[in-house]
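Residues per chain, in single letters:
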Amino acid sequence: MPTAELQASSLHFEISGPATGPVVVLVNSLGSDLHMWDKVLPYLDTGFRVLRYDARGHGRSTAPPIPYSIEQLGTDLLALLQRISAETVHLCGLSLGGLVGLWLCIHAPEKIKSLVLANTGSRIGTSEGWDARITAVRSQGIAPTAQATLSRWFTSDYSIEHPEEMNQIREMIERTSPEGYIGCCGVLRDTDLRIELAAIEVPCLVITGSQDAATPPEDGRALHAGLRNSTYLELHASHLSAWERSAEFAGAILHLFQGKERGNG
């Protein structure tokens, strides 16, 4: 499996699709690895060169010593883009991945053609909530958190109807390094990009889940209102809308990416 040796960590990544296609980067949520995009990937890699990767401390990437910052996560991705010689990209980030996308648009706007912000916000959760999560993982490990995460990530109906998928997702979460998970909880606790939103000019699509308690629709609507050039879509889903409503999700992001490639964005 390809890895990028960065200054502080080794990032595992995968690339699919035509080598000459426009590059799309998919950036994961807390507690997931690149397989969280498995159901979206088939819609994208027929026309785009798709980069998926495991954030530091997740999946097959290494977990450097904590604490981490949003700047570190963002520069990890910039170094990875340099590694694959990608000058400009379309980016789709979900939850924590959305914050990484926002940071890149603010600090390296020349790299981003268009941006999808799914189930995210410019400020996610509260300091108290993230500190409680960190304490729980330190004292109990990842497994109890994984089970609780499933209830936040999917609607109850979807969970009941797809037990094998729930096992697959739970195993993915449990593979996350506890230190990596804690480090990224700290990023979510400490990151607030609300003031910087006005600087973002690229075309954006904000996607929310109607039953998402982690980043509820009002967070997405506030994000949409704070961006100069954005559209808004609400799906019948919980937090992991890219999995639960993969066909609708993929259709919406393709509309943005293909439109920008045609010069309509």
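Residues numbered from 1 in each chain as written. Predicted model: local features only at pLDDT ≥ 70, side-chain atom pairs only at ≥ 80, totals over all residues. Heavy atoms only, no water.

**Student:** Can you walk me through the overall build of the protein chain in this structure?
**Tutor:** Within the protein chain, the secondary structure is distributed over 11 helices and eight strands. For 265 residues, the compact-globule estimate of 2.2 N^0.38 gives 18 Å, and the protein chain sits close to it at 17 Å. Along the first, second and third principal axes, the C-alpha atoms of the protein chain reach 50 × 40 × 40 Å. The proportion of buried residues among the 265 residues of the protein chain is 55%. Here the contacts in the protein chain between residues at least 6 apart in sequence split such that 77% fall between residues at least 24 apart. (Helix = DSSP H or I, 4+ residues; strand = E, 2+ residues; numbered from the N terminus. Rg over C-alpha atoms; globule rule 2.2 N^0.38 Å. Buried < 20%, exposed > 50% of the residue type's maximum accessible area, 1.4 Å probe, protein only. Contact = heavy atoms within 4.5 Å.)

**Student:** Explain the packing of aromatic side chains to me, please; I cannot follow it from the model alone.
**Tutor:** Aromatic ring pairs are reported here in terms of the distance separating the ring centres and the angle at which the planes meet. A full pass over the atoms with the stated rule returns three aromatic pairs. The residue whose ring lies beneath Arg56 is Tyr68, and the NZ or CZ to ring-centre distance is 5.0 Å. (Phe/Tyr/Trp six-rings, centres within 6.5 Å; stacked < 30°, edge-to-face > 60°. Lys NZ or Arg CZ within 6 Å of the ring centre and 35° of its normal.)

**Student:** How should I be thinking about the side chain of Arg52 in this particular structure?
**Tutor:** On the secondary structure map, Arg52 appears in strand β4 (residues 49–53). One polar contact links the side chain of Arg52 to the main-chain carbonyl oxygen of Leu34, over a distance of 3.1 Å. Excluding its chain neighbours within four sequence positions, the residues that come into contact with Arg52 are Phe13, Glu14, Leu26, Leu34, His35, Trp37, Asp38 and Leu41. (Polar contact = N/O pair within 3.5 Å; in protein donor to acceptor, adjacent residues only side chain to side chain.)

**Student:** I tried to follow helix α5 (residues 142–153) on my own but got confused; where do I start?
**Tutor:** Side chains of residues three or four places apart in an α-helix project in the same direction, reflecting 3.6 residues per turn. Helix length check: α5, at 12 residues, gives a terminal C-alpha distance of 16 Å against a target of 16 Å (1.5 Å per residue), a fit within 8%. For α5, every residue scored as buried is listed here: Ile142, Thr145, Ala146, Thr149, Leu150 and Trp153. Down the axis of α5, the sector holding all buried residues measures 145 degrees, keeping them to one side. On its buried face, α5 is in contact with α4 (127–140), α6 (156–161), α7 (163–174), α8 (178–190) and α10 (241–244). (Expected span 1.5 Å × (residues − 1). Arc of directions from axis to C-beta.)

**Student:** What am I meant to see in the nonpolar core here?
**Tutor:** It is characteristic of soluble globular proteins that their nonpolar side chains tend to be buried jointly. Within the largest apolar cluster, 83 residues are counted, with the highest numbers of intra-cluster contacts made by Val25, Phe249 and Ile253. In this view, Ile253 contacts Val40, Leu44, Cys92, Val116, Leu205 and Ile207; residues no more than four positions away in its chain are not counted. (Core = buried A, V, L, I, M, F, W, Y, C linked by side-chain atoms within 4.5 Å.)

**Student:** Would you explain helix α3 (residues 96–107) in this entry?
**Tutor:** Taking 1.5 Å of rise per residue, the 12 residues of α3 would be expected to cover 16 Å, and the 17 Å separating its terminal C-alpha atoms lies within 8% of that figure. Among the 12 residues of α3, 11 are classified as buried, and the element is accordingly described as predominantly covered. Every buried residue of α3 is accounted for by Leu96, Gly97, Gly98, Leu99, Val100, Gly101, Leu102, Trp103, Leu104, Cys105 and Ile106.

**Student:** Would you take a moment to explain the environment of Glu128 for this structure?
**Tutor:** Looking at the secondary structure, you find Glu128 in helix α4. As for Glu128 and Arg189, which are separated by 61 residues in sequence, their C-alpha atoms are 8.2 Å apart.

**Student:** Teacher, can you tell me more about the packing of α4 against α8 here?
**Tutor:** Interaxial distance between α4 and α8 falls to 9 Å at its minimum, and their mutual angle equals 170 degrees. As judged from the angle between their axes, α4 and α8 are roughly antiparallel. For the pair α4 and α8, contact is made by Ser127, Trp130, Asp131, Arg133, Ile134, Val137 and Arg138 and by Pro178, Glu179, Tyr181, Ile182, Cys185, Gly186, Leu188 and Arg189, respectively. Of the residues contributing to the contact of α4 with α8, the split by class is eight nonpolar, two polar and five charged. (Axes fitted to C-alpha atoms, helices over the stretch in contact; angles between N-to-C directions. Parallel < 35°, antiparallel > 145°, perpendicular 65-115°, else oblique. Nonpolar A, V, L, I, M, F, W, Y, C, P; charged D, E, K, R; others polar.)

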